[in-house]
Structures are given as structure tokens and as C-alpha cells.
Amino acid sequence: MSEILCEWLNEEVKLSRSVVPGSFSEEFSTGYLLGELLHKYGLQDDFNQFSQSRVANAKLNNFSRLEPTLHLLGVQFNENVAQDIMTGQHGAATKLLYELYIALEKKRKEKLTGVAMEAMRPAATAKLKSIESVLYRERLKTLTPRQADLQLQQISDHFEIKSKAVEDKIARIHIAEQQKVQKLQEEQKAQDIEKHRIGRRRQNEIMARIQAAIIQIPKPPPSHTMKAIEAKQLLKKKREAEDTYKNIKKFEKSLAGNASAVHSQVTGSNIKESLQTQKLQETTREITTQTATELLGIYSDDDYIRKIQKRLEEDTFAREQREKRRRKMLMAQLIAHEAEEEAYREEQLIYRLMRQSQQERRIAVQLMHVRHEKEVLRQNRIFREKQYEERRLKEFQEALDREAALAKQEKIDYEEQIIKERECHEKIAIERAQARYKKHYSVCWEVMNQIIDLSTKVGEYRLLTNNRIPLKLMLDWKEFFFNGKPMYEQASIQPLPNEPNPEQLVELNKLNLLDEKDYGEYKSMTGEWCPTEENSENKPPLNNNILGHVLRRLMEIFYPPKPKSSPPLFPPFPIKGCILGKLFSGKTTCAKFIEKVCNIQVLSVDTLVQEAIQAFLKNEMKSEHNVIPQEAESSREKNEVQKNLSKSPPKVLNKLQTETPTNGAKGNCPVKKDPSGQEFLSDSSQDGLSKLSVRAQLGAASQKLLKKGKSIPDELLIDILLEAINQTPPEKGWIVDGFPMTINQAKLFEKAYTGIDPETKDENSGKLSLVTDPRAPNKPPVTSPAFDVSVLLDISDTAVLKRLANLKSNKLKSSQTEQENNNKNSDAEILEEKINLARDQVLHRISSFLDTWPKLEKWFSVHQSTLVKVNAETEESLVCETVKEIIMEEIAKNQNRKGSAQEISPGKKLLPVTRQDLLPPIPVSPLPIDPGSDEWIYVDEPLPKEIPDFLVPYWEMVEHAYMNTIKTILRCLRDEQHSVIYYLADIRKKFQDYLKHPDLKQEFVSQWQSDYNSIADDLREDEETKAELHQRVTDLRDLLWDICDNRREEAEQERTDIMNDGWLPDRRGIAMNHFFSLMQNFMDMYDAVQ
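Every residue gets a number counted from 1 within its own chain, in the order that chain's sequence is written. Under the rules for a predicted model, residues below a pLDDT of 70 receive no local features and side-chain atom pairs below 80 are neither given nor counted, while totals for whole chains, interfaces and linings still include all residues. Only hydrogens and water are removed before side-chain values are computed, so all heavy atoms of the structure are retained for them.

It is worth spelling out the overall build of the protein at this point. A tally of regular secondary structure across the protein gives 32 helices and 7 strands. Within the protein, buried positions represent 27% of all 1090 residues. Two residues form a contact once any of their heavy atoms are found within 4.5 Å. Of the contacts made within the protein by residues no fewer than 6 positions apart, 77% connect residues no fewer than 24 positions apart. Areas reported here follow the Shrake-Rupley algorithm with a probe of radius 1.4 Å; residue values treat only the protein chains shown as occluding. Total accessible area on the protein is roughly 75,200 Å²; 55% of this is exposed by carbon and sulfur atoms. Counting from the N terminus, the helices are the DSSP runs of H or I reaching at least four residues and the strands are the DSSP runs of E reaching at least two. Categorising residues by exposure relies on relative accessible area from a 1.4 Å probe, with only protein chains included: less than 20% of the type maximum marks a residue as buried, more than 50% marks it as exposed, and the intermediate range marks it as partly exposed.

Structurally, leucine 867 can be placed in strand S7 (residues 867-871). C-alpha of leucine 867 to C-alpha of serine 790: the two residues are 77 residues apart in sequence and 4.7 Å apart in space. Apart from residues lying up to four places away in sequence, leucine 867 is in contact with Ser790, Leu792, Trp853, Glu857, Phe860 and Ser861.

Moving on: the packing of helix H3 (residues 32-40) against helix H6 (residues 92-110). The contact between H3 and H6 brings their axes to 12 Å, and the two run at 5°. Here H3 lies roughly parallel to H6, going by the angle between them. Between H3 and H6, the residues in contact are Leu34, Leu37 and Leu38 and Leu96, Leu97, Leu100 and Leu104, respectively. Gly is placed with the polar residues, together with every amino acid not listed as nonpolar (Ala, Val, Leu, Ile, Met, Phe, Trp, Tyr, Cys and Pro) or charged (Asp, Glu, Lys and Arg). Taken together, the residues of the contact of H3 with H6 sort by class into 7 nonpolar, no polar and no charged. Orientation is described by axes fitted as lines to C-alpha atoms, over the contacting stretch for helices, and by angles from 0 to 180 degrees between their N-to-C directions. Any angle that falls under 35 degrees is termed roughly parallel, while one over 145 is termed roughly antiparallel, one within 65 to 115 roughly perpendicular, and all others oblique.

This part is about the pattern of salt bridges. Here, a salt bridge means any side-chain nitrogen of Lys or Arg that lies within 4 Å of a carboxyl oxygen of Asp or Glu. The tally for this structure, following the rule as stated, stands at 36 salt bridges. Arginine 311 is the partner of aspartate 315 in a salt bridge, and the nearest nitrogen-oxygen pair spans 3.9 Å. With a gap of 4 residues between them, aspartate 315 and arginine 311 both fall in helix H12 (residues 302-354), about one helical turn apart. A relative accessible area of 35% places arginine 311 in the partly exposed class. Overlapping salt bridges bring together Lys472, Asp476, Asp515, Lys517, Asp518, Glu521, Arg971 and Arg974 as one network.

Moving on, we get to the packing of aromatic side chains. The way to describe two aromatic rings as a pair is by their centre distance and the angle between their planes. Put simply, two rings from Phe, Tyr or Trp (the six-membered ring, in Trp's case) pair if the centres are within 6.5 Å, and we call them stacked under 30 degrees between planes, edge-to-face over 60, tilted for the rest. In this structure the tally under the stated criterion is 24 aromatic pairs. On the basis of an interplanar angle of 70° and a centroid distance of 6.1 Å, the ring pair of tyrosine 461 and tyrosine 982 is categorised as edge-to-face. One end of the pair, tyrosine 461, is in helix H13 (residues 358-465); the other, tyrosine 982, is in helix H29 (residues 946-995), with 521 residues separating them in the sequence. Relative accessible area serves as the criterion here: at 2%, tyrosine 461 is assigned to the buried category. Given a relative accessible area of 42%, tyrosine 982 falls into the partly exposed group. Members of the aromatic cluster, joined through ring pairs, are Phe573, Trp734, Phe739, Phe749, Tyr753, Phe787 and Phe860. Note on criteria: charge over ring means Lys NZ or Arg CZ within 6 Å of the ring centre, with the direction from the centre no more than 35 degrees off the ring normal. Above the ring of phenylalanine 480, the side-chain terminus of lysine 510 is found at 5.0 Å from the ring centroid. In this structure, arginine 1020 is placed above the aromatic ring of tyrosine 1012, and the distance from its NZ or CZ to the ring centre is 4.6 Å.

Moving on to the nonpolar core. Of all hydrophobic cores here, the largest spans 39 residues; its most connected members are Leu9, Phe24, Phe28, Leu37, Phe63, Leu73 and Leu100. Elements that contribute at least two residues to this core include exactly helix H1 (2-13), H3, helix H4 (56-73), helix H5 (79-86), H6 and helix H8 (123-143). Looking at this core, the element that brings in the most residues is H6, giving 7 residues. Buried Ala, Val, Leu, Ile, Met, Phe, Trp, Tyr and Cys residues form a nonpolar core when they are joined through side-chain atoms within 4.5 Å. Counting 37 residues, the second-largest nonpolar core is a separate cluster that includes Cys578, Leu721, Leu856 and Trp859.

Our next topic: the confidence of the model for the protein. Where the model shows low pLDDT, its predicted coordinates should not be examined in detail. Taken residue by residue, the protein gives an average pLDDT of 76. The fraction at 70 or more is 73%. Across the chain, each position has a pLDDT score giving the predictor's confidence in that residue, from 0 to 100. Summarising per-element confidence for the protein, the mean pLDDT is lowest in strand S4 (residues 679-681) (35) and highest in strand S5 (residues 734-737) (90). Note that pLDDT drops below 50 for residues 259-275; the model gives that stretch 16 contacts with residues more than four away or on any other chain. Segment residues 287-300 is flagged for pLDDT under 50; beyond a separation of four residues in sequence, or across chains, it makes 10 contacts in the model.

A separate point is the pairing of S5. Burial of the side chains of S5 extends over both faces: Trp734 and Val736 are buried on one face and Ile735 and Asp737 on the other. One bridge is not enough; two strands pair if DSSP finds at least two bridges between them. With 4 bridges joining them, strand S2 (residues 601-604) and S5 adopt parallel strand pairing. The residue bridging leucine 603 from the neighbouring strand is valine 736, located in S5.

It is worth spelling out helix H32 (residues 1063-1089) at this point. Residue pairs spaced three or four apart in an α-helix point in one direction, given the helix's 3.6 residues per turn. Any helix carries an expected span of 1.5 Å times its number of residues minus one. Taking 1.5 Å per residue as the helical rise, H32 with its 27 residues ought to reach 39 Å, and the 39 Å between its terminal C-alpha atoms agrees with that figure. The secondary structure elements touched by the buried residues of H32 are helix H15 (502-524) and H29.

With that settled, the discussion passes to a nonpolar patch on the surface. Note that patches include only residues with greater than 30% relative accessible area and no salt bridge, and the join distances are 9 Å for like charges and 5 Å for nonpolar side chains (Val, Leu, Ile, Met, Phe, Trp, Tyr). Taken together, Ile557, Leu943, Ile947, Phe950, Leu951, Tyr954 and Met957 make up a surface patch of nonpolar side chains, about 610 Å² in accessible area. Sort the elements by how many residues they give to the nonpolar patch and H29 lands first, with 5 residues. Residue position: phenylalanine 950 is located in helix H29. Assessed through its relative accessible area of 57%, phenylalanine 950 is described here as exposed.

In this section: the packing of H15 against H29. Helix packing geometry: the angle between the two helix axes and the distance between the axes. Look at H15 against H29: their axes get within 9 Å of each other, and the N-to-C directions meet at 105°. The angle between H15 and H29 falls in the class roughly perpendicular. Contacts between H15 and H29 involve Leu511, Asn512, Leu514, Asp515, Glu516, Asp518, Tyr519 and Tyr522 from the former and Tyr962, Met963, Ile966, Lys967, Leu970, Arg971 and Arg974 from the latter. Each residue belonging to the contact of H15 with H29 can be placed in one class, and the counts come to 8 nonpolar, 1 polar and 6 charged.

Taken in spatial order, the 5 strands of this open sheet run S2-S5-S1-S6-S7, and their pairing is parallel. Of all the strands in the sheet, just S2 and S7 have a single pairing partner and so form its edges. Across the sheet, the axes of successive neighbouring strands diverge by a mean angle of 25°, strand direction being ignored. When strand S1 (residues 576-581) meets S5, the two strands line up parallel, connected through 4 bridges. Across the sheet, the residue bridging to lysine 576 is tryptophan 734, located in S5.

Next up on the list: a positive patch on the surface. Together, Lys169, Arg172, Lys408 and Lys411 line one region of the surface with positive charge. Looking at the positive patch, the elements with two or more residues in it are helix H9 (147-213) and H13. With respect to the secondary-structure elements, lysine 411 resides in helix H13. Charge assignment: positive for Lys and Arg, negative for Asp and Glu; neither His nor the chain ends contribute. Note that the charge is assigned to NZ on lysines, CZ on arginines, CG on aspartates and CD on glutamates.

Take unusual backbone geometry next. Of the consecutive residues phenylalanine 739 and proline 740, the connecting peptide bond is found in the cis state with omega at 5°. The topology assignment puts proline 740 in the loop between S5 and helix H24 (743-754). The residue methionine 525 is not glycine, and still its phi comes out positive at about 55°. With respect to the helices, strands and loops of the structure, methionine 525 is situated in the loop between H15 and helix H16 (545-558). For methionine 525, a relative accessible area of 19% puts it in the buried group. With phi around 60°, phenylalanine 584 is a residue other than glycine that occupies positive phi space. Secondary-structure assignment places phenylalanine 584 in the loop between S1 and helix H17 (587-598).

So, on to the side chain of glutamate 521. Tracing the backbone through its elements, the reader meets glutamate 521 in helix H15. Every residue in contact with glutamate 521, bar those within four places of it in the chain, is listed here: Leu475, Thr526 and Trp529.

Counting buried positions along S1 yields 6 of 6 residues, so the element is predominantly enclosed. Side-chain alternation along S1 places Lys576, Cys578 and Leu580 on one buried face and Gly577, Ile579 and Gly581 on a second face that is also buried. Looking at chain direction, S1 and strand S6 (residues 789-794) are connected through 5 bridges and run parallel. Within S6, the residue paired with cysteine 578 across the bridge is serine 790.

Before going further, it helps to spend a moment on the side chain of aspartate 476. By the element assignment, aspartate 476 lies in helix H14 (residues 471-482). Relative accessible area serves as the criterion here: at 3%, aspartate 476 is assigned to the buried category. Setting aside chain neighbours within four positions, we find aspartate 476 in contact with Leu514, Lys517, Asp518 and Arg974.

As a further point, take a negative patch on the surface. A grouping of Glu167, Asp168, Glu410, Asp413, Glu415 and Glu416 is seen on the molecular surface, where their side chains present a negatively charged patch. For the negative patch, the secondary structure elements donating two or more residues are H9 and H13. The greatest single-element share of the negative patch, amounting to 4 residues, is contributed by H13. Along the chain, the position of glutamate 410 falls in helix H13.

Rendered as C-alpha cells:
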């Protein structure tokens, strides 16, 4: 079957990819080929929306679009089959293809198109299938895992496999190192044994040579005999000693001393051996006695006695054997001693014959000893030097191995740290995504609740108004919906307490919202107040221009506008820009490249703060060309100082004037102390501080805040930046690196640089609500923003972490090369400190950037339209070139603007005088000007102060009374509309219930039926009975008609009573009174204005 399907797909259908029998589960898992197959047969019109990707969202999209077509063909397909095909279950794709093959062949034989098959399906079945399709998509979404979950699982599996491989590698390395150390230890041990053996052999050889030159005096072996044998030997030795003494007395007197020493040594050794033998025997007896005593305490029967006897026999036998061995040993010692005595006598005879003096032998022995000691010292020195050399090599190798192990361990620790940081960042990203999802879900939930409330409200009022909802109510509900207010009443506000609860406050806000809406429609004559087409020509003017002009003048006199400060003057720089982005996005690299290539000044806030602090520490004074003599231009100096220092925060300036500067300025400013111990500056210290440059003064304020552990405020940072901009040459231009970082810094810099506060509004603009001034004040000229261009280096968080890892690895390599070459510089140390600091704060800084960037993006893209985004994940050279092109393009635009401004600025050229100009002008009568029109000329004459002081409060009182009265009347009209709707709905329902109440018709019919059934069957054929029955039917009909007529008369009477109730005329009168109140209110205001 698989071969048939392959032949059908490859040769007849000719899919975009050829398939083989074993690749069905993999090729058709995305659903793309299935869509292509149906598209070939003209059934899948939306095939262009299919995707070949293997991600979960693409699969879900493809199989959601396949389901209606497969159901149209009659193929069994549900979410379980789709999940089996997506997961690559064996046989699932083959089975579906076989069913498709049969269905499509059947369709081809019947020659049916997709439109025809859709038209042949019944409407009920089609509707049911559409509902099933929606349910199928929802169930398939729940069964299909999200792509983020799949990627997270793959990443976790990858890191788990990698961690296992690292652990196995570490274990193998550890085992190899242990084996290597063990092998080195074994080799060292073998070398030590060999050296020791060689040394012993040499020492034995030397000792053999020495003994060959020395007279060997054999020492008698120790004897272990009894006291009798020792006494016998002692007597024998004494006799031999006497004989020897007599024989040698003539030759050497020293031999007698040696012999007596030998005999005394032998005697002492024999005594010690006898004492040891006695102690051994006593110990053996004690052990035997103790053993017998222990055995007596354990056994108390015959078995115990037999064991004791056996033990005693074994001890007796052992003692006999030990005695035999001892005797045998004593005999062997006696024989050896006799042999030694014989050899000693022979040597004595040889010495007598040789006639060699003892002095000569001693000298020879001493010479041999000296020679031997010299040789030993030389060998020891050589051996010690070899040991020292081997130890140095070993220690050096151990140090190298230790450094390599530490570097390797540091690398492993750093990789683990990077993995933890990535996991932490992924966790933070997931939490951010969940927070965004929750926020979006909550917003959607609120909107859905409001839609449901609106639909319910509309349904209720459809029932109340019989599907005739007034347009005014729909507009009110629309206003509630757009402002996020609840449709239904949350709490009653009729008895409004002094401290209303939140629900009552919401109701009050709803009423105010409707009041403002109705008042706006009434004032602009729109909505219900819009005049008809017939009266549109007679529509009154919406504004009284003369009254607006008068009130505007009075307001300006009564509420004088605040004087606007003159904007700071900066030279026209060719470029003003900033480079923004995340940490490690390449801001500083691009800034350095731009500074080098385009000759543009790069300003970094961190560097500027450090330079300001260094200027304060070095007591940087004002330059000579800025110092002006006090006698000539003292006022100008004061103005300049105030201008330079006005930008600083007041608190900072007060501290600078009252407190002692630190470090460098401390020695130049004398300090006095009051009795309480507090320090304060003398007049000379304040003069010294005022003589410092502006940058030094700002540095003093920054250092003081930093020493207290506080952050530098945004105002002070902007002052430092503006001071650096003032020092920038006008022909260079400037770019700020990584500033501003918050929306507050951007607004403060805009205000400080351009002199325009973006958040200020006209104070008098909202004071006039009824009339407006036709001569609106000229708007301030549109100034260019502080930044000509704002470049954002866009980079993902993953790329930031990867660059941090690369920087760390490069730092490790550079540190190793520096240790080898011993040439560290300050730049490398600063880079290392920055990398370590960034490593500790990278996640925090990424999170803070993500929090603050949306507002900054809106500021630069919407308010200033200067934002340009650059992809910073490409190569460094491409990013720098892109930023360079943006900067150069902006510089060219600025030059073109300046050129066009210079062309427009020159005065108008004088036109040549023609003949027509010399002719006298023809007098033309001017048309009369309507008062208050655009051509009307207003004369602004001075007014006394008493007039605005009286008229402005009076106008405000009249205006507020007029507005509040109109809002109250409009609120009453809304309440009347609701009461009318509810009253009419109630009357309609009551009248319908009245018409549906039961009557007696059914009872009369039932009575007639029972009477008819009570007549016997034989009587029904009688003519008189028939006539009676016909008469009864006629009477019943007349009775029923009478009942119907009575019900109709009662209903008409009830309707007449309802119509004559008088409720509607009363309400109509109330509404007319409200309209009369509106007209009266307008007349009152008109009288007050007159």
C-alpha cells in the first residue's frame, strides 16, 4: 500500500517534495504536504497561509485549516488523529493518506468541485460542522504543546546532557590525575630504593676495606646458659686472661686493658641474659596459673577436668620441647665460642710474629677513615645537589600543574556561572512574559465584562422599550464603555454620606461624566440639541467674539502670566545625538569609532562625573580669560555666576556655600569651630569655593553625595553634561554615550537644553469655557529637540549574555599572557574591573532597561521623532558603519536646513516701478465691517485695576452658576427619561396581564358538553331532542359572544383609564418646566453679562 501511495503522490499529484514509503510520518507531520495535496485537487483555497515550519504554532495553523476540508470529503479526522500525525506516530499518516486517496478518487470520478460539495451539504450539517471545527481547534490547542515549552525542554535536555558530559570528563580527568600521581609515587619509590641499595652496597664495600685494614677482635657471642655454666666460663676466661697478660705484657700494655674490657662486657651481657630467662619462666608460670584459674571458673564438671589435664599435658610437652631447643642452641653457642677462642689465640700469635706496633696500625686506620670520610662527603654533596635539582623540578612542575588545575577549575566555575545566569535570565524573561500575559488577560477580561454588561443592558432595554432603544441611552452607554465605567448601578447615592464608599464614588464619577457629555452637546448644539435642516440657517453663533476678547483681557490683567525664562544659548552644533542600548550592545565601541572617523565629541556621563571630581580635587580655578575685574564689570560677573549655578539644585548650592569641601580644597579653606564642636566655613573658604570653576563646584557636590553613599541626582548629572557641552567646540558637534537612561532624565535635559518644559500648559487657557478669544495668542515658535538623532542599538538578552561570556574568556587569556610577559597596564585593570562589575549587575541592568525603555521609546519616537533602531547583533564593523551613515545623513540634513534658512532670511528684493504704479489710486468705498468678525479691529486701551478685580470674580461666579444649573437640569431630564421608560414598560406589562386573565367561557362549554354527553344514544335520533340540542348550541354561542363583547368593553375601559390617568401629562409638564429652566438660566446669564 505504501508503494501505491508513493507512486500516486510522486507521479500523479507531483508534490513539491518526493516521498518514500518510510518517510510518511516525518514528511506529513507538519501538515504542509496534506494542504498541498488538497490544493492540487482544488479543495484548499487558503493554501497560501500554510507554513512549512516545524514549530508548534505552524503545525497548529496547518491542521486547523485542514479539518473542514477533510470533513467535507468524509474522512474521519479529529484532534487525536492530528496529534498522532504531528508527533509522528507510526501508521497514522499512512492511514489518513489511504483514506484521502479513496475519497479523492471518488471525487474525481463523480467530477465534483469543492464548491459543489459545499453546496450539496445540508445547512444544519454545515452549521454543526462549523461548531465542531471551533471545538476541534480549541481541543487541538490544549493537546498541542507550546513552542516555548518545547524549546525550554530542548534547552534543559541539552544542558543536562552537557552537564553530565562535563561531570564525566571531570571524573575521568580526576582518575587520570590520581593514576598519574600514583605512578609518579611508585617511580619515585623505586628510584629511592635503588639509590638506597646502591648506597648500602658502596658503604659495605668501604666498610669491608676498612675492616681488612683493621685488626679484627672477635666479640664473644652472648651466652644464655644457667648460672653454673656462666660461672665456669668466667673462671675459664680469667685463667686465659692471666695467661695472655703474662705473654703480652712485654709487647703491649694496652692489650691487657682491651681484654679486661671484653671480659667485663661478656660478664655483663651474661648476667642480663640470665635475668631475662628467669623473667620469661616466671611469666610462663603466671600465664599457666591464670589460664587454669579462668578455666576453673567456667567449667565445673568432668569435661572441665579432662580439658585441664589435656592442657597440662600439652604445656608439659611444650616445655620439654622448648628445653630441648634451648639446650641445642647452648651447645651450638659453646662450639662457636670455642672456635672464636681458637681463632683469637691464632691472631695473637700472628701479631707477635709480625712485630707491628699499635701506633702504626692506628695511623693507617686514621688515614683510611679520613679518605673514606672525604669520599662520603663528596658523594653526599653530589647526591644532595641531585636531590635539590629534582626537588626544584618537581616543585616547578607541581606549580605548573596547580596553575593549570586552578585555571581549568576557574573556567569550569565560570561556565557554571554563565549557565546559572542564563537560567536566571530565562526565569526572569518567563516571569515577565507571564506578567504581560496576566496584564493582557486582565484587560481582556475587563473589556469582556463590559461588553457582556453592555449587551445585557441593551437586551433589558429592548424588552422595556419593545426594541426601540433611544439613541441618547446608547450614546450614554457608549461613553461608559469607552471610559471603563460599569453599566449597572453599584450603589445608591441618594442619601449621599459625608464619606462615600468606593462604589458611591464610582457612581458620582459616572454622573459627572454624563453631565460633562450632555453639557458639551448642549454647548456645541450637537446630538439632541442639533437644529433641524429647516432651522440650520437660523442657527445662532457658537461664540461671542467681542465678549471673548474682553474676558481674555480681564483674565490677563487679573491673572498675570508668569514671566518665561530665556532659554539657554548654545552654539549651532552640526550634530546633537545620543546612542542608547542595553549593556554590552556596543555603545562605547560605536561612539569611539564615530569620534575617530567623524571628528565628533563623545560625552560619557560617568567619565564627566569623574573628571568633575578630579577638577575639584585639583582645585581647578576659573580660566584667566573668564575672570573679569570686579571694579569694572562686577554686575556682569554676578549674572554669569548666577547663570552657571542656577542650573544646580538649590540644596547642592547651599551645601557648597555652607559646608567644608573635602580632600584637595580642604587645605585651602580654613575651618572654624563653634563651642558645640560643629564646623563651619569662614568667609575666605566661601570665596575660595566661588573662585573654583563650575565643573569643580559640580564635582564637589557629586563627591559629597557619593561619600554619603547616595546616588547623584538627575539634575546634577544634567548640569555636568551641559557644562561639558558648553566646553565643546561649535564646529565638532557632540554625541552622548548611554544617556538618558530614564524618561525623567530625558525631560529634564530637554527642558535644560531648549528652555521649554514639555509638561507646562497655559494657565489662562482653561479659565474661559463659555466664550473664546478670536485673537488667540501666538504659539511659541517650534524649536528643534535637544537631540537631532537618537540611535538605539537593538540586541537580545541572549546575545548580551554571550558577549559577557566572550569578554570573560578573552580577559582570562589576556591575564595569562600578561603574567607570562609581566607587563600589566592600567587599561587592562580598568577593563577587568568593569567586566567584574558588569557580571555582577548584568541581570539587574537588563531588567531596569526593559522597565524604562518603553517610556523612552515613546518619548523619542512619538514626541521628538528622532529614534533610529540598528540591529546590534551583526558584526561590529557593520554596526559601526550603519551608525556612521545615520550620523552623516543627519549632519547633511542639518546643513541643508541652515542653507535654506539663510536663503529665506535675506530681505525682499525691490521690484521695478511700472507705469501702473505711478497712476493715482482709484478711490473705492470700503464695505461696513460686522462687529466681532475677523476684520473687526480691537483697541486695547488701559483699564483701571478696580474693573478687573470686580468683573473677573463676578464672571467666574456667573459662569459656574450657569454651568452647574445646566448640568443639574440635564441630569433631571435623564432621570425623567428613565422614569418614563420604566413606567411605560410597567403599564404595558400590566395591560398584557389584564388581557390574559381567565374568563367563564371554558366553564360554559364544559357544562354544555357534559349535558350533551348525558343524553342517551336512542334519544339523540329524536327530532325534538335534535331541535333542543340546536337551541342549546345557539344559546351557548350567544353567551360566548356576550362574554367576548364584555371583555372587549372592559379592555377598552381599562385602556381609557390608563390614558386618562394623567401621569404622562404631568411628566410632560415637568419636562417643559426643565426646558423653561434652561431658557431662564440663559436669560439670567444674559442679564448678568449685560
